[in-house]
Amino acid sequence: MSDTTNYLIYDTLEDALVKADAEGLRRGYAYHRVGSGTRYSTYPQETADNKFALVVDGYELTEDEEASIVTSVTFPAPEDV
């Protein structure tokens with residue numbers, strides 16, 4: 001089993017959520033069956049270059065999506081509080 005995390009990168013949060021939502025529907029999560037509860041398997045995270053990375057390990061992907069997978073993403077440094 002690989003320790004590599006697979007990501008798809010999206011220009012907008014909305015685009016990333018469309019994929020996350022479709023995967024939640026495919027998996028039959030509660031939100032899609034009863035209107036509340038778990039909706040997403042993974043939630044997009046903003047990257048250092050203001051795009052959105054979605055972890056897609058275990059997702060059902062198209063050939064184009066599989067070809068677009070990246071395994072290295074730079075996230076912004078946590079802000080000092």
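Preceding this section is the structure that the text describes.
Bear in mind that the values here come from a model prediction, so they are computed numbers and not experimental data.

> What am I meant to see in the overall build of the protein chain here?
A count of helical and extended segments in the protein chain gives 3 helices and 3 strands. If you list the helices and strands of the protein chain from N to C, you get β-α-α-β-β-α. Relative to its full complement of 81 residues, the protein chain shows a buried share of 23%. Long-range contacts, defined as pairs at least 24 residues apart, comprise 65% of the intrachain contacts of the protein chain with a sequence gap of at least 6. Total accessible area on the protein chain is roughly 5,700 Å²; 47% of this is exposed by carbon and sulfur atoms. Across the protein chain, the centroid of the 6 positively charged side chains sits 10 Å from that of the 16 negatively charged ones.

> I would appreciate a short explanation of helix H1 (residues 13–27) in the present structure.
Along an α-helix, residues three or four positions apart point the same way, because every turn accommodates 3.6 residues. With 15 residues, H1 should cover 21 Å at 1.5 Å per step; its first-to-last C-alpha distance of 21 Å lies within 8% of that length. Those residues of H1 that sit buried are Ala16, Leu17, Lys19, Ala20, Glu23 and Gly24. Here the buried residues of H1 occupy an arc of 160° about the axis, which is enough to place them on one side. In H1, the exposed positions angled more than 90 degrees off the buried face are occupied by Glu14, Val18 and Leu25.

> Mind showing me how you'd approach the sheet that holds strand S2 (residues 45–46) here?
Neighbouring strands of a sheet are bound in pairs by backbone hydrogen bonds; such pairs are parallel or else antiparallel. Spatial ordering of the open sheet is given by S1-S3-S2, a layout of 3 strands whose pairing is antiparallel. Either end of the sheet is taken by a strand with one partner, and the two such strands are strand S1 (7–10) and S2. Set on the sheet, H1 makes contact with S1 and strand S3 (52–55); between it and S3 the angle comes to about 10°.

> What is the right way to read the packing of aromatic side chains from this model?
A ring pair, where both rings are aromatic, is described by two values, the distance of the centres and the angle of the planes. If you walk through the whole model with that rule in mind, you get 2 aromatic pairs. The interplanar angle of 65° and the centroid separation of 5.6 Å between the aromatic rings of Tyr40 and Tyr43 together place this pair among those described as edge-to-face. For Tyr40, a relative accessible area of 22% translates into the label partly exposed.

Basis of the calculations
- Residues numbered from 1 in each chain as written.
- Predicted model: local features only at pLDDT ≥ 70, side-chain atom pairs only at ≥ 80, totals over all residues.
- Heavy atoms only, no water.
- Helix = DSSP H or I, 4+ residues; strand = E, 2+ residues; numbered from the N terminus.
- Buried < 20%, exposed > 50% of the residue type's maximum accessible area, 1.4 Å probe, protein only.
- Contact = heavy atoms within 4.5 Å.
- Areas by Shrake-Rupley, 256 points an atom, 1.4 Å probe, with all protein chains shown as cover.
- Lys, Arg positive; Asp, Glu negative; His and termini not counted.
- Charge placed at Lys NZ, Arg CZ, Asp CG, Glu CD.
- Expected span 1.5 Å × (residues − 1).
- Arc of directions from axis to C-beta.
- Pairing = 2+ DSSP bridges.
- Axes fitted to C-alpha atoms, helices over the stretch in contact; angles between N-to-C directions.
- Phe/Tyr/Trp six-rings, centres within 6.5 Å; stacked < 30°, edge-to-face > 60°.

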